[in-house]
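Residues per chain, in single letters:
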Amino acid sequence: MNSGHQHRVFGRRAQEHILILASGDKVRHMTVRPWMAALAFCFVGVFSIGYLLATSYLVLRDDLIGATMARQARMQHDYEDRIAALRAQVDRITSRQLLDQQVVEDKVDKLMEQQMALTSRHGKLDNLLDRAESSGLTEKDGALPAPTSPVQSYAPDIKDKRASLTGGGAIEKQLASGAPADATPDNSTLAYVPAAETVGDRADRIFSKVTLSLKDVEQDQRSRVEQLTSDAGNAANAIETVLTRFKIPMPESAAEKDDDDAVGGPYVEPESNDGFNNSLVALDGALTRLEAVRSTAESLPFRNPAVGKDVTSPFGNRRDPFLGRLALHSGIDFRFSPGERIRPTAPGKVISAGWTGGYGNMVEVDHGNGISTRYGHMSEVLVKVGDTVDRNDVIGLAGSTGRSTGTHLHYEVRQDGHAVDPVYFMNAGLKLATYIK
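Everything quoted here is computed from the prediction, not taken from an experiment.

Participant: Even after reading the chapter, I still don't get the overall build of the protein, so can you show me in this structure?
Facilitator: When helices and strands are tallied, the protein shows eight helices and 14 strands. Taken across its 437 residues, the protein has 32% of its residues classed as buried. Put simply, 68% of the contacts in the protein that link residues at least 6 apart link residues at least 24 apart. Total accessible area on the protein stands at roughly 27,700 Å², and carbon and sulfur atoms take up 55% of it.

Participant: I keep staring at unusual backbone geometry and nothing clicks. Help me out?
Facilitator: As a rule of thumb, non-glycine residues mostly have phi less than zero, and peptide bonds are mostly trans rather than cis. Phi angles above zero are rare outside glycine, and Lys247 is one such case at about 60°. Relative to the helices and strands, Lys247 is located in the loop between helix H6 (199–245) and helix H7 (275–298). Judged by its relative accessible area of 72%, Lys247 is exposed. Residues other than glycine seldom take positive phi values, yet His377 does so here, at roughly 65°. Residue placement: His377 occurs in strand E10 (residues 371–381).

Participant: For this particular structure, what's the right way to read the packing of aromatic side chains?
Facilitator: Two numbers describe a pair of aromatic rings. These are the distance of the centres and the angle of the planes. A full pass over the atoms with the stated rule returns four aromatic pairs. Where Phe246 meets Phe302, the ring centres are 5.7 Å apart and the plane angle is 65°; that geometry is what we call edge-to-face. Here Phe246 is found in the loop between H6 and H7, whereas its partner Phe302 is found in the loop between H7 and strand E3 (311–313), with 56 residues between them in sequence. With a relative accessible area of 2%, Phe302 lands in the buried category. Every member of this aromatic cluster is reached through a ring pair, and the members are Phe246, Phe302 and Phe425.

Participant: What's the story with the nonpolar core in this structure? I'm lost.
Facilitator: Where a protein is soluble and globular, its nonpolar side chains tend to be buried together. Among the nonpolar cores identified, the biggest contains 48 residues, and Leu137, Leu290, Phe302 and Ile342 are the most heavily contacted of them. Breaking this core down by element, the ones donating at least two residues are helix H2 (34–134), H6, H7, strand E6 (332–335), strand E9 (361–366), E10, strand E13 (408–415) and helix H8 (422–431). Discounting residues that sit within four places of it in the chain, Leu290 has contacts with Ser135, Leu137, Ala232, Ala235, Ala236 and Ile239. The next biggest cluster of nonpolar side chains, apart from the first, holds eight residues, and it includes Val104, Leu111, Ile206 and Val210.

Participant: So what exactly am I meant to see when it comes to the confidence of the model for the protein here?
Facilitator: Caution applies to low-pLDDT regions: their predicted coordinates should not be interpreted in detail. Scored by pLDDT, the protein comes out at a mean of 77, with 76% of its residues at no less than 70. Taken together, the stretch residues 140–192 has pLDDT below 50 and engages in 96 contacts with residues farther than four places along the chain or on a different chain.

Participant: Which parts of the structure should I look at to understand the layout of surface pockets?
Facilitator: The gaps left among the atoms become clear once a water-sized probe is rolled over them. Roughly 470 Å³ of internal volume is contained in the largest pocket. Arg318, His329, Asp333, His377 and Arg403 are, among the 22 residues lining the largest pocket, the residues nearest its centre. Elements with a contribution of two residues or more to the lining of the largest pocket: E3, strand E5 (326–329), E6 and E13. If you tally residues by element for the lining of the largest pocket, the top one is E5, at three residues.

Participant: Can you help me understand the pattern of salt bridges in this one?
Facilitator: Where charged atoms from two side chains of opposite charge approach closely, those side chains can pair. Tallied over the entire structure, the rule returns nine salt bridges. Among the salt bridges present, the one from Arg224 reaches Asp220, with a minimum N-O distance of 3.5 Å. Pair noted here: Arg224 and Asp220 are both in helix H6, with a separation of four residues, about one helical turn. Residue Arg224 is classed as partly exposed on the basis of its relative accessible area of 34%. The partner of Glu412 in a salt bridge is Arg414, with the nearest N and O atoms 2.5 Å apart. Both residues of the pair, Glu412 and Arg414, count as buried. Salt bridges linked by common partners bring Glu364, Arg374, Glu412 and Arg414 together as one network.

Participant: Can you help me understand H8 in this one?
Facilitator: An α-helix turns once every 3.6 residues. As a result, residues three or four positions apart point the same way. Of all the residues in H8, the buried ones are Pro422, Phe425, Met426, Ala428 and Gly429. Along the long axis of H8, the arc covered by the buried residues comes to 160°, so they all point the same way. The exposed residues of H8 that point more than 90 degrees off its buried face are Tyr424 and Leu430.

Participant: Help me understand the side chain of Ser313, please; the structure alone is not making it clear to me.
Facilitator: Mapped onto the fold, Ser313 is located in strand E3. Side-chain polar atoms of Ser313 contact the side chain of Arg318, separated by 2.7 Å. Once residues lying within four places of it in the same chain are set aside, the contact partners of Ser313 are Arg318, His329, Gly331, Ile332 and Asp333.

Participant: Explain the pairing of strand E2 (residues 26–32) to me, please; I cannot follow it from the model alone.
Facilitator: The side chains of a regular strand alternate between the sheet's two faces. Taking burial as the measure, the seven residues of E2 include zero buried ones, a minor fraction of the element. Bridge analysis of strand E1 (residues 17–23) against E2 gives seven bridges, and the strand direction is antiparallel. Residue pairing in the sheet places Ser23 in a bridge with Lys26 of E2. Hairpin remark: E1 followed by E2, antiparallel, with two residues in the connecting loop; positive phi at Gly24, about 70°.

Participant: Help me understand the pairing of E13 in this model?
Facilitator: The buried count for E13 comes to eight of eight residues, which makes it a mostly enclosed element. Burial of the side chains of E13 extends over both faces: His408, His410, Glu412 and Arg414 are buried on one face and Leu409, Tyr411, Val413 and Gln415 on the other. Note that E6 and E13 share four bridges and pair antiparallel. Across the sheet, Asp333 pairs through a bridge with His410, a residue of E13.

Participant: Whenever I open this one, the side chain of Arg303 confuses me. Can you help?
Facilitator: Mapped onto the elements, Arg303 comes out in the loop between H7 and E3. Of the side chains bearing the opposite charge, Glu298 lies closest to the buried Arg303, which forms no salt bridge; the N-O distance is 5.0 Å.

Participant: Sorry, what's going on with the environment of Leu432 here?
Facilitator: Examined against the element boundaries, Leu432 turns out to sit in the segment after H8. On the basis of relative accessibility, which here comes to 1%, the residue Leu432 falls in the buried class. Along the primary structure Leu432 and Arg294 are separated by 138 residues, whereas in three dimensions their C-alpha atoms are 9.3 Å apart. Dropping the residues within four chain positions of it, Leu432 is found in contact with Ala238, Ile239, Val242, Ala297 and Phe302.

Criteria and cut-off values
- Residues numbered from 1 in each chain as written.
- Predicted model: local features only at pLDDT ≥ 70, side-chain atom pairs only at ≥ 80, totals over all residues.
- Heavy atoms only, no water.
- Helix = DSSP H or I, 4+ residues; strand = E, 2+ residues; numbered from the N terminus.
- Buried < 20%, exposed > 50% of the residue type's maximum accessible area, 1.4 Å probe, protein only.
- Contact = heavy atoms within 4.5 Å.
- Areas by Shrake-Rupley, 256 points an atom, 1.4 Å probe, with all protein chains shown as cover.
- Phe/Tyr/Trp six-rings, centres within 6.5 Å; stacked < 30°, edge-to-face > 60°.
- Core = buried A, V, L, I, M, F, W, Y, C linked by side-chain atoms within 4.5 Å.
- pLDDT = per-residue confidence, 0-100.
- 1 Å grid on protein atoms, 1.4 Å probe; cavity = no way out; pocket = protein on both sides within 12 Å on 5 of 7 lines; lining within 4 Å.
- Points joined across faces, edges and corners; volume = space filled by probe spheres on them.
- Salt bridge = Lys/Arg side-chain N within 4 Å of Asp/Glu carboxyl O.
- Arc of directions from axis to C-beta.
- Polar contact = N/O pair within 3.5 Å; in protein donor to acceptor, adjacent residues only side chain to side chain.
- Pairing = 2+ DSSP bridges.
- Lys, Arg positive; Asp, Glu negative; His and termini not counted.

The structure is reproduced here in structure tokens:
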């Protein structure tokens, strides 16, 4: 009952498989258990898979090697294309920098030409300013703006313009307002270079500023030169008006002289006919004219021979102090102290020195253009005939010689041998005080 019940509950017991091996008289048997069968199955499966893989490898090896080589070839081509693109971009950057450097050098050359022109003009202006200063038109200091080398403030050092691109040449260093363009950008910027400001752009901006500054300096110089030309012309006109009133012939300028003798030479093209040089020529002509008429005016007796002295007798008809009747007084008498120094009213040449009748000790100075001055009644004469005297030279000492009632100076102006009122000359001298020394 128990056995039947056991079979009903657990079923029939599995029969064990026995493997019998017979070899001659020996018989061996081995019980094949389930795990051994599983192990054998696994081994056979692994061997089969390995065999299949090995067979597949042997069959597909050429294809795999070809695919691998093709992939490596594609990678190599990609890298070569990348390197070619990098080289092309570096070449473009290098070419752009070379072009920018050439542009900078061209602009520097132009600015240096402008600066040299301004420097040359300033050298010419120095001479003209000296002449204008001596003519009383302007003070030299601050009269005209000198070119303060604006190019040197902005422009690079051109001593070595062919600077190294990788070394940051002098041009890029001095022109760079910020970081200069990178000649060797990293991989992140090789594919796309942002449109940053290049050296050429900075050069355009900076050189435009310098050019405008130079033009401002040139315009200021030109306006000052034109003003000086106008002032010189006005001064010359004023002096000529006074000289014309006294019938003094105007000095003939070199441009007006009609002297065609002994001239010649090979033909040479004229210098650049720009407006500034023309203005300098005009200023030179105006100063030459002013100097000529000013020199003529300074050679004439337009000054007072006794500044601050009392006039004891004017020019004109008066009662003669010795005869008591009407007589012409041909000069002006100034009160002087005995022995006081007497100086001429203009430079000239002594044509008479010594005792001269009623003048007593008298000195006569010839000033040219038919005009002379006489200084009478001196106690002592300190010059001789033929001496050239200046305004600051002492020609004698005040006294009371000749027809004189007391110590004084008889001052007389003669034009073409005729006595004229010295007051006319002295009044004209007041008008010319700003133009003559």
